[in-house]
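# Topology and contacts: notes
Spelled out from the first residue to the last, the chains are:
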Amino acid sequence: MKTLSSLFKVLSAACLAMTAWTNANSGELPAPPGMVWKASIKSETLDYQYQAAANGKDNSLWLVAGARPKGQLSGPQSFLLFHLDGNGKIQTEVPFDSFLKRAHQTTKLSAICCMAVLRNGDLAVLGASEAVGSLAIILKNGANGPVIVQPVYAAQRDQIFRKIFPLENRGSFIIGRSGRNAYITNLDDSAKFAGGKEYANEDLAIFLDGVAYGNDEAVLLGSSQAGDIWIGRLDSDQKVVAKNHFHGRDASITRADNGIIAVIDDQGPAGLDIWVRKLTPELTELWGTHIISDAGPLPFKVAGLPDGGAMIAGSRHNLVWLARIDPDGATKWTYAPAYDPKTQPFLRNVDLVRSGDGVLLVSTVLKLVGEDTQMEQRQSIEILRLSGK
């Protein structure tokens, strides 16, 4: 019987920019501009769920991938923890359940909601369990130290958490929803919960994204009860001191050199319209750039770059779509390969993680192989390091 680890094969190879991403005879794509290396986690499983977080100190990547045995389309799944170094080489590959056992927990996780590398190098993973709800799992010193597991209590049992991120000087925010309103849970530097706050007065349904913004402030992005996009800056007491609203369906934000960059999608006549907007610290708009009008259904992601510009990632025609935005809002380049459904895999999800001077592009692709009467699915998680230039 195969172990969970044996269901995954990890391949990593250094690649020069503009060389082939994959072999042209097997439906492979040209490399995006500025590609430094590519790593692949190939799987015989049918699940594609993953969460990723980068360590800014050494440009490494932590990744938790969901796995189900081949042929099992539903029910409980297991998870694997991977750690890739700054060159895309696998340093750690271990079943995530082993950390729960080290903490003497018998709870079975049903999902991994989000994860982050904290300021002290600890890895924080937020999981969901049907038995106890949301759990925070803190791996001290990465995967080598003690493990702390504790429930995440919010004002309501009905809770969804979308992101965890450290503030610049103290503690971390876990953001999402509790009951009918957007909600923040505070995690202090000793991995203990330090209260939470519900934002009913802002008429917010859920917080979707957030970034630290100096002096223990934060900028959060949420969806209002009316369905538009809300962006607000919170002071160190978690009071809203600036805010703005934008028409849109989903969005993500990143810290820029002198403000915030948001990528917002909205339904258009040909598909999703994608806008990139630069905001001042007071959240007034400096510029807005429309970058694509026929985007795919996956949420677009944004990662800030050292020059004040940003990298944008999403989907178009079932493939990864990328854009490099300059600090003034001009589009420097786009990556939009043509899609051949007969040979190319299609995209299941995509994410961007800032890493040093560049970004890590993480995606899951699925390909059908074989004859029409005996088709099988083959999935892989693809990690590309891009220079951001």
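Heads up: the structure comes first, above all this text.
First, a word on what this report is: a plain description of the structure on this page. In this text the structure is predicted, and so the values were computed from the model without any measurement.

How each quantity is defined
Residues numbered from 1 in each chain as written. Predicted model: local features only at pLDDT ≥ 70, side-chain atom pairs only at ≥ 80, totals over all residues. Heavy atoms only, no water. Helix = DSSP H or I, 4+ residues; strand = E, 2+ residues; numbered from the N terminus. Buried < 20%, exposed > 50% of the residue type's maximum accessible area, 1.4 Å probe, protein only. Contact = heavy atoms within 4.5 Å. Areas by Shrake-Rupley, 256 points an atom, 1.4 Å probe, with all protein chains shown as cover. Pairing = 2+ DSSP bridges. Salt bridge = Lys/Arg side-chain N within 4 Å of Asp/Glu carboxyl O. Polar contact = N/O pair within 3.5 Å; in protein donor to acceptor, adjacent residues only side chain to side chain. Axes fitted to C-alpha atoms, helices over the stretch in contact; angles between N-to-C directions. Phe/Tyr/Trp six-rings, centres within 6.5 Å; stacked < 30°, edge-to-face > 60°. Lys NZ or Arg CZ within 6 Å of the ring centre and 35° of its normal.

### As for the overall build of the protein
Looking only at helices and strands, the protein features 1 helix and 29 strands. Expressed as a percentage of its 389 residues, the buried residues of the protein come to 55%. Put simply, 45% of the contacts in the protein that link residues at least 6 apart link residues at least 24 apart. Accessible surface, the protein as shown: approximately 16700 Å² in total, 49% of it carbon and sulfur.

### Observations concerning the pairing of strand 24 (residues 310–316)
The buried count for strand 24 comes to 6 of 7 residues, which makes it a mostly enclosed element. Turn length for the strand 23 (residues 301–304)-strand 24 hairpin, with the two strands adjacent in sequence and antiparallel, is 5 residues, and the turn residue Gly308 shows positive phi of about 95°. As paired strands, strand 24 and strand 25 (residues 319–325) are joined by 7 bridges and run antiparallel to one another. Residue pairing across strands places Ile312 opposite Ala323, the latter belonging to strand 25. Connecting the antiparallel pair strand 24 and strand 25 is a turn made up of 2 residues, with His317 showing a positive phi of about 50°.

### Let's talk about the pattern of salt bridges
In total, this model carries 14 salt bridges according to the counting rule given. One salt bridge connects Glu202 with Lys243, and the closest N-O pair in it is separated by 3.0 Å. With Glu202 in the loop between strand 14 (193–198) and strand 15 (204–212) and Lys243 in strand 18 (residues 240–246), this pair connects stretches of sequence that are 41 residues apart. By relative accessible area, Glu202 is classed as buried at 18%. Across the pair Arg316 and Asp294 runs a salt bridge whose closest N-O atoms are separated by 3.1 Å. With a gap of 22 residues between them, Arg316 in strand 24 and Asp294 in strand 22 (residues 285–295) connect regions that are remote in the sequence. The exposure class assigned to Arg316 is partly exposed, which follows from its relative accessible area of 22%. Within this structure, Asp307, Arg324 and Asp326 form a network of salt bridges that share partners.

### Description of the side chain of Ser380
When you line up the elements, Ser380 lands in strand 29 (residues 376–386). A polar atom in the side chain of Ser380 sits 2.5 Å from the side chain of Glu382.

### What about the sheet that holds strand 21 (residues 272–279)?
The sheet built from 4 strands is open, its strands ordered 19-20-21-22 with antiparallel pairing. Strands with a single pairing partner mark the edges of an open sheet, and in this sheet they are strand 19 (250–256) and strand 22. Strand-to-strand twist in this sheet, taken as the mean axis angle between neighbours without regard to direction, amounts to 15°. Judged from the 8 bridges that link them, strand 20 (residues 259–267) and strand 21 form a sheet pairing that is antiparallel. When the bridges of strand 21 are listed, Val263 appears paired with Val276.

### A few points about the pairing of strand 25
Counted residue by residue, strand 25 has 7 buried out of 7 residues, so it is predominantly covered. Both strand 25 and strand 26 (residues 331–335) contribute to a ladder of 4 bridges, which runs antiparallel. Bridging across to strand 26, Ile325 finds its partner in Thr331. Taking the residues that link successive antiparallel strands as the turn, the strand 25-strand 26 hairpin has 5 residues, and the phi of Gly329 there is positive, at about 95°.

### As for the side chain of Thr280
Tracing the backbone shows Thr280 in the loop between strand 21 and strand 22. Once residues within four sequence positions are removed from consideration, Thr280 is found in contact with Asn258, Gly259 and Leu286.

### Side note on the packing of aromatic side chains
Applying the stated rule across the entire model yields 5 aromatic pairs. With centroids separated by 5.9 Å and ring planes inclined at 75°, the aromatic side chains of Phe165 and Phe173 adopt a geometry described as edge-to-face. Ring pairing ties together the aromatic residues Tyr199, Phe207 and Trp230, which thus form one cluster. Taking NZ or CZ as reference, Arg255 lies 4.1 Å from the ring centre of Tyr213, over its face.

### Digging into unusual backbone geometry
Its identity as a non-glycine residue notwithstanding, Asn141 has a phi of 55°, on the positive side. Position of Asn141 among the secondary structure elements: in the loop between strand 9 (133–139) and strand 10 (147–151). Assessed through its relative accessible area of 55%, Asn141 is described here as exposed. Phi is positive for Asp216, close to 65°, though the residue is something other than glycine. Mapped onto the elements of the fold, Asp216 is located in the loop between strand 15 and strand 16 (218–224). For Asp216, a relative accessible area of 9% translates into the label buried.

### A short note on the sheet that holds strand 16
Strand order across the open sheet formed by 4 strands is 15-16-17-18, with antiparallel pairing between neighbours. The two strands at the open ends of the sheet, each matched to only one other strand, are strand 15 and strand 18. Across this sheet, the average inter-strand angle for adjacent strands is 25°, counted without regard to direction. Bridge count for strand 17 (residues 229–234) against strand 18 is 6 bridges, and the pairing is antiparallel.

### Some thoughts on the environment of Ile206
Residue placement: Ile206 occurs in strand 15. Sequence separation of Ile206 and Gly179 is 27 residues, and the distance between their C-alpha atoms is 9.5 Å.

### A short note on the environment of Thr334
Secondary-structure assignment places Thr334 in strand 26. Overall, Thr334 belongs to the partly exposed group, its relative accessible area being 43%. Each C-alpha atom, one on Thr334 and one on Ala313, is 9.9 Å from the other, the two residues being 21 residues apart in sequence. Ignoring any residue separated from it by four or fewer positions in sequence, one finds Thr334 in contact with Trp321, Leu322 and Ala323.

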